[in-house]
Amino acid sequence: MPAQAPPNEFAGQEATSVGPSPRPAAQRELTEVLARTGYVGLCKIAIGRRERLAVLRPRHGVLVCQTLLWQDELRDPGDLAPSTPVTDQELQLAETLLSELTGIEMRELHDEYGRALEQLVDAKVAGGEVETLPVPQSAADLLAALEESVRAARTSRSGEAD
């Protein structure tokens, strides 16, 4: 199955590396072939008393198994579509933002919420004062939020080029 499986076909759950150490030759070969072809393996695995659907994909020379949901486990999105159509200006801004944000390094992304939560717990355990947490602001105006994101991305990019 190509690695670009339609996103609506399956919903991913948990992922873990696969196999014993040292890895048997067949597993090394499968990992290499999947990496070279850009394909993923679709399989069934037993977890507890349930059969699960899973995807095998290569990552850093090892196979990673990611469990999926079955079709009947996926919820119908119902009437979640926007009630008003998206304007051409909004689409153009969104496309500009996407083009400005390409090339992000995954190593640069961090779980800021998790880090803040750890700091909060550490402060509570130590009996210290907990600083006031920032209150998130709602983005009521999507167009203004997109424009601000584009400006911020461009500023960030021009700062990196210096």
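Attention here is on the structure that accompanies the text. Values in this document were obtained by computation on a predicted structure and should not be read as measured data.

A tally of helices and strands in the chain yields four helices and four strands. When the helices and strands of the chain are read in sequence order from the N terminus, they spell out β-α-β-β-β-α-α-α. Across the chain, every contact between residues at least 6 apart in sequence was considered, and the portion connecting residues at least 24 apart equals 56%. Within the structure as shown, the chain displays about 13200 Å² of accessible surface, and the carbon and sulfur contribution to it stands at 54%.

One non-glycine residue, His60, lies in positive phi territory at about 55°. Tracing the backbone through its elements, the reader meets His60 in the loop between strand E3 (50-59) and strand E4 (62-68). A residue is classified by how much of its surface remains accessible, and His60, at 72% relative accessible area, is exposed.

For the rest of this paragraph, the subject is the environment of Leu143. Structurally, Leu143 can be placed in helix H4 (residues 142-161). Ignoring sequence-local partners within four residues, the contact set of Leu143 consists of Gln89, Glu90 and Leu93.

Sheet faces and side chains relate simply in a regular strand, where the side chains alternate between the two faces. Both strand E2 (residues 41-47) and E3 contribute to a ladder of seven bridges, which runs antiparallel. By the bridge assignment for E3, Cys43 is matched with Ala54. The pairing of E3 with E4 spans seven bridges and is antiparallel. Bridged to Val55 within E4 is Gln66. Following E3, the chain reverses through two residues before pairing antiparallel with E4; His60 in that reversal takes a positive phi of roughly 55°.

Inside soluble globular proteins, nonpolar side chains tend to come together where they are buried. By size, the foremost hydrophobic cluster in this structure holds six residues: Leu93, Leu97, Leu143, Leu146, Val150 and Ala153. For this core, the secondary-structure elements that each account for two or more residues are helix H2 (88-100) and H4. A per-element tally of this core places H4 first, with four residues. Not counting the four nearest positions on each side in its chain, Ala153 is found in contact with Leu97, Glu100 and Leu101. Counting five residues, the second-largest nonpolar core is a separate cluster that includes Leu34, Ala54, Leu56 and Cys65.

Another point: the pattern of salt bridges. Close approach of charged atoms allows side chains with opposite charge to pair. By the definition in use, this model includes four salt bridges. Measuring nitrogen to oxygen at the nearest pair gives 3.2 Å for the salt bridge that ties Glu73 to Arg52. Of this pair, Glu73 sits in the loop between E4 and H2 while Arg52 sits in strand E3, placing them 21 residues apart in sequence. Across the pair Arg151 and Glu148 runs a salt bridge whose closest N-O atoms are separated by 3.2 Å. Of the two residues, Arg151 and Glu148 are both situated in helix H4; the distance of three residues between them amounts to about one turn of the helix. When its relative accessible area of 48% is taken as the criterion, Arg151 is described as partly exposed. Assessed through its relative accessible area of 43%, Glu148 is described here as partly exposed. Taken together, the shared-partner salt bridges connect Arg50, Arg52 and Glu73 into one network.

Attention now moves to helix H1 (residues 25-37). With 13 residues, H1 extends 18 Å from end C-alpha to end C-alpha; this agrees with the ideal 18 Å at 1.5 Å per step. Buried-residue contacts for H1 involve E2, E3 and E4. One or two steps after H1, the chain reaches Gly38, where phi turns positive at roughly 80°.

About the criteria used
Within each chain, residues carry numbers counting from 1 in the order of the written sequence. It should be noted that, the model being predicted, local features are given only for residues of pLDDT at least 70 and side-chain atom pairs only at 80 or more, the latter also being counted only at that level, while totals for whole chains, interfaces and linings use all residues. As a convention, hydrogens and water are excluded, and side-chain values are obtained from all of the structure's heavy atoms. Elements are defined by DSSP. Helices are runs of H or I of four residues or more, strands are runs of E of two residues or more, and each kind is numbered from the N terminus. Throughout, a residue-residue contact means that at least one pair of heavy atoms, one from each residue, lies within 4.5 Å. Only the protein chains shown count as cover for residues, and the accessible areas themselves come from Shrake-Rupley with a 1.4 Å probe. Exposure classes here rest on a 1.4 Å probe applied to the protein chains alone. A residue is buried below 20% of its type maximum, exposed above 50%, and partly exposed in between. Strands pair, by our definition, only if DSSP identifies at least two bridges between them. Definition used in this section: a nonpolar core is a set of buried Ala, Val, Leu, Ile, Met, Phe, Trp, Tyr and Cys residues joined via side-chain atoms within 4.5 Å. Think of a salt bridge as a Lys or Arg side-chain nitrogen and an Asp or Glu carboxyl oxygen that are within 4 Å of each other. By this rule the span expected of a helix is its residue count minus one, scaled by 1.5 Å.

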